[in-house]
Amino acid sequence: MSIYQHCINPSCGKNYDIAEVLHRCPACGELLDVQYDWNKLQPPKTLKHFETFWTQRSEPHRFSGVWRFHELLPFLPPEKCITIGEGQTVLQRTAGGVGTYTGLRTGKLFLQYEGLNPSGSFKDNGMCAAFSYGHFVGAKRAACASTGNTSASLAIYSACTKLMESVIFIGSGKIAYGKLSQALDYGAKTVQIAGDFDDAMERVQQVSKELGIYLVNSLNPFRLEGQKTIMFRVLEALRWEPPDWIAVPGGNLGNSSAFGKAFIELYQLGLIKKIPRLAVINAAGANTLYRLYEKENLRWNNGDYNKELTQKFYAAMDAEGRKASTIASAIEINRPVNLSKCLRALNFCSGVVREVSEQEILDAKAQVGAGGFGCEPASAASVAGVKKMVAEGIIAEDETVVCVLTGHQLKDPNATVAYHGTDKNFYEDTLGKRGVKSTPFANRPVSVPNDIDAIVQLLR
Ligand code: F0G
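Here's what I pulled together on the structure shown here. (Residues numbered from 1 in each chain as written. Predicted model: local features only at pLDDT ≥ 70, side-chain atom pairs only at ≥ 80, totals over all residues. Heavy atoms only, no water.)

Notes on helix α8 (residues 254-268)
With 15 residues, α8 extends 21 Å from end C-alpha to end C-alpha; this agrees with the ideal 21 Å at 1.5 Å per step. Counted residue by residue, α8 has 13 buried out of 15 residues, so it is predominantly covered. Two residues or fewer after α8 comes G270, characterised by a positive phi angle close to 70 degrees. (Helix = DSSP H or I, 4+ residues; strand = E, 2+ residues; numbered from the N terminus. Expected span 1.5 Å × (residues − 1). Buried < 20%, exposed > 50% of the residue type's maximum accessible area, 1.4 Å probe, protein only.)

Following this line, the structure appears as structure tokens:
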């Protein structure tokens, strides 16, 4: 077997055939990796190798920002890899503006705009991989629980390809309208559960098992294979020179886990010499990882991480009735399913976890928007986290930092309009009640009578 599924728990470590449909290790319940025996495969000898494909972009698999790195995620033959044109994203080097805002020297902050994907978030990187695999094993329906972006992504792959139907589970009233409107528009069967994301996550696992529906949440190891390519594209844009830091918002912790796996493999293959450090940023209102990693000192510990500590933490959370709540609804998650893999990533990449307030998220979001492209609130957590870490002296001002902007600005227009707008009730309802006290970077619309002189006067 040169490619197989492997339990990440070292005291179990069981391997399973690549064609077995599994969500977790059947023996111990831990998460699974897609594992490659690189000696039997043909990984590239240098990352520059990928540049030889640039002239072949008229071919869909070379155009895809995911599949053009196929040799680093070769779990399906190329002809079985489905693409809708994902991964055409850009790395923006900031000059002043948001870069200065974080406290970094000019030109040291880079923004990786994953909002430019077909469904408007980074999820398409992983979805094309999981969707391809689900279709390959003969599934007719795929399902996910979602705070909105995973569901939009699954729905767009269903709508574009008609190869699997999509069923999405969402918490009621928990999704930004931009995302909900995508799932509805693309024709996904949308199931609103009276509960939050964690409830939907639990139910979707039960239902998929019972009905044989293919699960595409990020505990699906193939999803994370696709998400590795975000880091390959970052390296590509930096001419294969790893940055000092990668900062990413943390929700279900799929992205951070995938980035960790990408760097572990690149390092093992000798394709990078330097390992970037990883900063995972929680919203303060959804800070499970921050508390476990920074306050309780939970560590990967070669896979033997303290499960009792985690269970106790969740039990206390339930007993106290603590529920995640943040304007960054994408990361409003209590029990991140990829916690163990994220701990592994933090261990390999000398990681740091920080939490940021609603105010810090929204101010950072306004700064990102003012520089162009824009992002949704969860994405701006990465920028807010970097600002905090520069102020703490953990990130030096001359270090190179890449913030992954995970979702498009139009995903959640409410947060943006409440911040910049003049409607006090809307502000109070959307942001004020969350403790956002000021809007220092607001760009207020100006009201003017429908009168040419008044308008000219205003703009003169
Ligand atoms: N940013 C955005 C815009 C997201 O939609 C998500 C996750 C994250 C960050 C966090 O990424 O889970 O890999 O740590 N959204 C999921 C969803 C949970 O259902 O769309 P993560």
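Some remarks on unusual backbone geometry
A positive phi angle is found at R239, which is not glycine, with a value near 55 degrees. Summarising the element assignment, R239 is placed in the loop between α7 (221-237) and β10 (245-249). The backbone of N297 sits at a positive phi, close to 60 degrees, despite the residue not being glycine. Its location among the elements puts N297 in the loop between α9 (288-295) and α10 (307-319). Assessed through its relative accessible area of 51%, N297 is described here as exposed.

Looking at the site of the ligand
Taken together, 21 residues form the shell around the ligand, and within it T147, N149, N252, L253 and T406 come nearest. One of the backbone N or O atoms of T147 is found 2.8 Å from an oxygen atom in the ligand. Note that an oxygen atom of the ligand is positioned 2.7 Å from one of the side-chain N or O atoms of N149. When the ligand is considered free in solution it has 480 Å² of accessible area, and contact with the protein chains removes 99% of it. Taking a 2 Å distance to the grid points as the criterion, the majority of the atoms of the ligand fall inside the largest cavity. (Near = heavy atom within 4 Å. Polar contact = N/O pair within 3.5 Å; in protein donor to acceptor, adjacent residues only side chain to side chain. Areas by Shrake-Rupley, 256 points an atom, 1.4 Å probe, with all protein chains shown as cover. 1 Å grid on protein atoms, 1.4 Å probe; cavity = no way out; pocket = protein on both sides within 12 Å on 5 of 7 lines; lining within 4 Å. Sits in = over half its atoms within 2 Å of the grid points.)

What about the side chain of S132?
By the secondary structure assignment, S132 is in helix α3 (residues 123-136). Apart from the residues lying within four places of it in its own chain, the contact partners of S132 are W67, L76, K80, C81, I82 and M127. (Contact = heavy atoms within 4.5 Å.)

Some points on the sheet that holds strand β13 (residues 401-405)
Read from one edge to the other, the open sheet built from six strands follows the order β4-β5-β13-β10-β11-β12, with strand pairing classed as mixed. Each edge of the open sheet is held by one strand with a lone partner, namely β4 (90-93) and β12 (352-356). Ignoring strand direction, the axes of neighbouring strands in this sheet form an average angle of 25 degrees. Sheet topology note: the β10/strand β11 (residues 277-283) ladder contains five bridges and is parallel. Note on β11: the bridge partner recorded for W245 is R277. Contacts from α8 reach β10, β11 and β13 within the one sheet, and its direction differs from that of β10 by about 155 degrees. Sitting on the sheet, helix α11 (residues 339-348) is in contact with β11 and β12, with an inclination near 140 degrees to β11. (Pairing = 2+ DSSP bridges. Axes fitted to C-alpha atoms, helices over the stretch in contact; angles between N-to-C directions.)

Describing the environment of D304
Tracing the backbone through its elements, the reader meets D304 in the loop between α9 and α10. Overall, the relative accessible area of 53% leaves D304 in the exposed class. For the pair D304 and S11, spaced 293 residues apart in sequence, the C-alpha separation works out to 7.9 Å.

What to know about empty space enclosed by the protein
Per the counting criterion, the structure on display carries four cavities of 30 Å³ or more. Empty space within the largest cavity amounts to approximately 310 Å³. The set of elements that each furnish at least two residues to the lining of the largest cavity consists of β6 (141-146), α4 (149-161), α7 and α8. Taken together, the residues that form the lining of the largest cavity break down as nine nonpolar, 15 polar and three charged. Looking at the second largest cavity, its volume works out to about 50 Å³. (Points joined across faces, edges and corners; volume = space filled by probe spheres on them. Nonpolar A, V, L, I, M, F, W, Y, C, P; charged D, E, K, R; others polar.)

Brief notes about the packing of α9 against α11
Where α9 contacts α11, the axes come no closer than 12 Å and their chain directions differ by 50 degrees. As the angle between them shows, α9 and α11 are arranged oblique. Seen along the crossing, α9 lies across α11 with a hand that is right-handed. Touching L289, L292 and Y293 of α9 are L339, C342, L343 and L346, all from α11. Across the contact of α9 with α11, the residue classes tally to seven nonpolar, no polar and no charged. (Parallel < 35°, antiparallel > 145°, perpendicular 65-115°, else oblique. Left-handed = near helix turned anticlockwise from the far one by under 90°.)

Observations regarding the state of the cysteines
Each disulfide is one covalent bond, formed between the sulfur atoms of two cysteines. Under the criterion given, the structure shown has zero disulfides. Here C342 stays unpaired: no disulfide links it, and the sulfur of C349, its closest cysteine neighbor, is 9.9 Å away. (Disulfide = S-S within 2.5 Å.)

Things to note about the layout of surface pockets
Looking at the largest pocket, its volume works out to about 690 Å³. Lining the largest pocket are 28 residues, with R24, Y314, R335, P336 and V337 sitting closest to its centre. Among the elements of the structure, α6 (197-211), α10 and α11 are those that each provide at least two residues to the lining of the largest pocket. Tallied by class, residues from the lining of the largest pocket come to nine nonpolar, eight polar and eleven charged.

Some details on the pattern of salt bridges
Counted under the stated rule, the structure contains 20 salt bridges. Between K341 and D33 there is a salt bridge, and its shortest N-O distance comes to 3.8 Å. Of the two residues, K341 sits in helix α11 while D33 sits in strand β3 (residues 32-36), which places them 308 residues apart along the sequence. For the pair formed by K341 and D33, the shared burial category is buried. Beyond isolated ion pairs, a larger network of salt bridges with shared partners links E225, K228, K261 and E265. (Salt bridge = Lys/Arg side-chain N within 4 Å of Asp/Glu carboxyl O.)

Description of the environment of D124
In this structure, D124 sits in helix α3. Sequence spacing of D124 and G226 is 102 residues, and the spatial spacing of their C-alpha atoms is 8.3 Å.

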